[in-house]
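Coordinate inspection notes
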Amino acid sequence: MKKNAFLIAATASRSGKTTLSLGLMRALRRKGLKVQPFKCGPDYIDTQYHCQATGNDSINLDLFMSSELHVKDLFNRYSNQGDVSIVEGVMGMFDGYDNMRGSSADIAHRLRLPVVLIINAASTAFSVAATIYGFTRFRDDVSVVGIIFNRVASENHYKFLLNACEEVGVPALGYLSKNDSLKTPSRHLGLSLDSLSEIENFIEAAANEVERNINIEKLLSLTEIEIENTSADHSLNKNKRIVAVARDEAFNFIYTANIEALRSEIIWFSPLHDNLLPEADMIYLPGGYPELFTDKLETNSNMRHAIKKYAHAGGKILGECGGMIYLTESIDGKKMCGIFPVHTTMNNARLTLGYRQVVFPESELRGHEFHYSHVIDDAGMQSAAYQYNVRGKQLNTPVYRYKNTIAGYTHLYWAETDIFKLWEQ
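Residues numbered from 1 in each chain as written. Predicted model: local features only at pLDDT ≥ 70, side-chain atom pairs only at ≥ 80, totals over all residues. Heavy atoms only, no water.

Right, let's get into the pairing of strand S9 (residues 242-246). With respect to burial, S9 is a largely interior element, four of its five residues being buried. Across five bridges, S9 lies against strand S11 (residues 265-269) in parallel orientation. Residue Ala246 lies in a different strand from S11, and its bridge partner there is Phe269. Pairing between S9 and strand S12 (residues 282-285): three bridges, direction parallel. Its bridge partner lying in S12, Val243 is registered against Met282. (Buried < 20%, exposed > 50% of the residue type's maximum accessible area, 1.4 Å probe, protein only. Helix = DSSP H or I, 4+ residues; strand = E, 2+ residues; numbered from the N terminus. Pairing = 2+ DSSP bridges.)

So, in structure tokens, the structure goes:
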């Protein structure tokens, strides 16, 4: 089946991929098209922006955390549900976890996706011809079908850029102007009503800019491809299990494919707002922004005590990053569930990030670590798993376990496996 699908790549990070992606998603939605968003890599924040722009869940396509077959299946299956598929790339076009492996170009090559390249044109003009020449000819197995420029100062500036495209023989599809209203919102906003309003205003401004200065019809004419049908069986609740998943302003870093892979009845609940813990065979506490809501989390003692009671009774709990913090004694003095004798803090915040290979005694999972908080006291607890980075170096990031409660900083990706096997060890 032929549909429009393309990947938005950039020459480097901070070139405007997210602004362009969100603007195009909303502009196409305004035309009455069903837009299916995707994100290259492990990002769980851009996918939330995508969902707000399109009304549809955004799907991560990641070649480190999952297989090529899985990535293809996800892309084809979800693309068949929409009219236009837009894949937002990651970092620079050829930047992957191991040279080009896992990069935007790698994803485009394996999915045979046309690429729309965005270039930050601030402080340059006709010289971008050399950049365009290099990016469009570096790999002949990746097809760049058009160029969009960001931070263009004026129509006269754009004429020089247009001439550069003509010199190289690659179509120019338009531009985003240099505009303070197109500044991407902070990625540390949470999902409060105020932050959602700020993100919505940004998406609307980006869509307006796209409609003014980008030739959408030409872009669509260059990006029609054949989407494969998939016959894989993804029906839910095959094992008749119930999983309670935390989702609110504090906990929302969720991979859609993970939830689908649970093949269980899902009950959403809020550690912030609900007093009762749902009856379930497993509780999943994903990452998010608990550090922004410590007062509310501490005040909701009914939920904290219910989760602690569930853990003491041997109930299955999986906590990731923010979810792990919620299961500890405290963060910056604010009481959490107290299942692990561990204390955490945002003081002297420093970023820790990267892909992770997580090796348990009888199984292995992959995931991504991204956090600013750190542990200040874990009472010498031993880790229940070993963690390694992409180069095979062992790290000191622990995975804590108490009875059937398992938690750590790494956001795990289990969409190709049965996460319940963690409790069979």
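So, next bit.
Next up on the list: the nonpolar core. Met93, Phe149 and Leu318 are the most contacted members of the largest nonpolar core, which totals 140 residues. Excluding residues within four positions of it along the chain, Met93 makes contact with Ala9, Ala10, Ser103, Ser104, Ala105, Val115, Leu117, Phe135, Val142 and Val144. (Core = buried A, V, L, I, M, F, W, Y, C linked by side-chain atoms within 4.5 Å. Contact = heavy atoms within 4.5 Å.)

It is worth spelling out the sheet that holds S12 at this point. The mixed open sheet is built from six strands, whose spatial order is S11-S9-S12-S14-S24-S23. Each edge of the open sheet carries a strand with a single partner, namely S11 and strand S23 (399-402). Recorded for the sheet is a direction-independent mean angle of 15° between the axes of neighbouring strands. (Axes fitted to C-alpha atoms, helices over the stretch in contact; angles between N-to-C directions.)

There is a patch of nonpolar side chains on the surface, built from Leu351, Leu353 and Tyr372 and spanning about 260 Å² of accessible area. Tracing the chain through its elements places Leu351 in the loop between strand S17 (340-345) and strand S18 (352-359). Note on Leu351: relative accessible area 39%, which makes it partly exposed. (Patch = residues over 30% accessible without salt bridge, like charges linked within 9 Å, V, L, I, M, F, W, Y side chains within 5 Å. Areas by Shrake-Rupley, 256 points an atom, 1.4 Å probe, with all protein chains shown as cover. Salt bridge = Lys/Arg side-chain N within 4 Å of Asp/Glu carboxyl O.)

Quick look at the sheet that holds strand S19 (residues 364-371) now. Spatial strand order, S22-S21-S18-S19-S25: five strands in an open sheet with antiparallel pairing. Among the strands making up the open sheet, the edge pair consists of strand S22 (394-395) and strand S25 (410-413). Bridge count for S18 against strand S21 (residues 386-388) is three bridges, and the pairing is antiparallel. If you follow Gln357 over to S21, its bridge partner there is Tyr388.

For any two helices packed against each other, one specifies the crossing angle of their axes together with the interaxial distance. In contact at an axis separation of 11 Å, helix H3 (residues 68-79) and helix H4 (residues 104-111) are set at 70° when each is read in the N-to-C sense. With respect to each other, H3 and H4 are oriented roughly perpendicular. Between H3 and H4, the residues in contact are Glu68, Val71, Lys72 and Phe75 and Ile107, Arg110 and Leu111, respectively. For the contact of H3 with H4, the per-class residue count stands at four nonpolar, no polar and three charged. (Parallel < 35°, antiparallel > 145°, perpendicular 65-115°, else oblique. Nonpolar A, V, L, I, M, F, W, Y, C, P; charged D, E, K, R; others polar.)

To continue, consider the pattern of salt bridges. Counted by the stated rule, this structure contains 18 salt bridges. The salt bridge partner of Glu200 is Arg26, with a shortest N-O separation of 2.8 Å. Of the two residues, Glu200 sits in helix H7 (residues 193-213) while Arg26 sits in helix H1 (residues 17-30), which places them 174 residues apart along the sequence. Assessed through its relative accessible area of 7%, Arg26 is described here as buried. The partner of Arg356 in a salt bridge is Glu369, and the shortest N-O contact between them spans 2.7 Å. Here Glu369 lies in strand S19 and Arg356 lies in strand S18, a separation of 13 residues in the sequence. For the pair Arg356 and Glu369, one class covers both residues: buried. Look at the salt bridges and you will find they share partners, linking Arg26, Arg30, Glu200, Glu204 and Glu211 into a network.

Residue position: Ala108 is located in helix H4. Residue class for Ala108 comes out buried when judged on its relative accessible area of 2%. Taking the C-alpha atoms as reference, Ala108 lies 35 Å from Pro398; in sequence the two are 290 residues apart. Filtering out sequence-adjacent residues up to four positions away, Ala108 remains in contact with Leu7, Leu113, Val115 and Val142.

When we look at burial in helix H5 (residues 128-137), the residues that qualify are Val128, Ala129, Ile132, Phe135 and Thr136. Projected onto a plane normal to the axis of H5, the buried residues spread over an arc of 135° and lie on a single side. Among the structural elements, strand S1 (2-10), strand S5 (115-120), strand S6 (144-152) and helix H6 (155-168) are those in contact with the buried residues of H5. (Arc of directions from axis to C-beta.)

Bringing the packing of aromatic side chains into the picture now. In this structure the tally under the stated criterion is 17 aromatic pairs. Their ring planes at 65° and their centres at 5.5 Å tell us that Tyr255 and Tyr413 sit as a pair that is edge-to-face. Of this pair, Tyr255 sits in the loop between strand S10 (251-253) and helix H9 (256-261) while Tyr413 sits in strand S25, placing them 158 residues apart in sequence. By relative accessible area, Tyr255 is classed as buried at 3%. An aromatic cluster is present here, built from Tyr44, Phe253, Tyr255, Tyr289 and Tyr413 joined pairwise through their rings. In this structure, Arg247 is placed above the aromatic ring of Trp268, and the distance from its NZ or CZ to the ring centre is 3.7 Å. Between the NZ or CZ atom of Arg366 and the centre of the ring of Phe64, over which it lies, the distance is 4.3 Å. (Phe/Tyr/Trp six-rings, centres within 6.5 Å; stacked < 30°, edge-to-face > 60°. Lys NZ or Arg CZ within 6 Å of the ring centre and 35° of its normal.)

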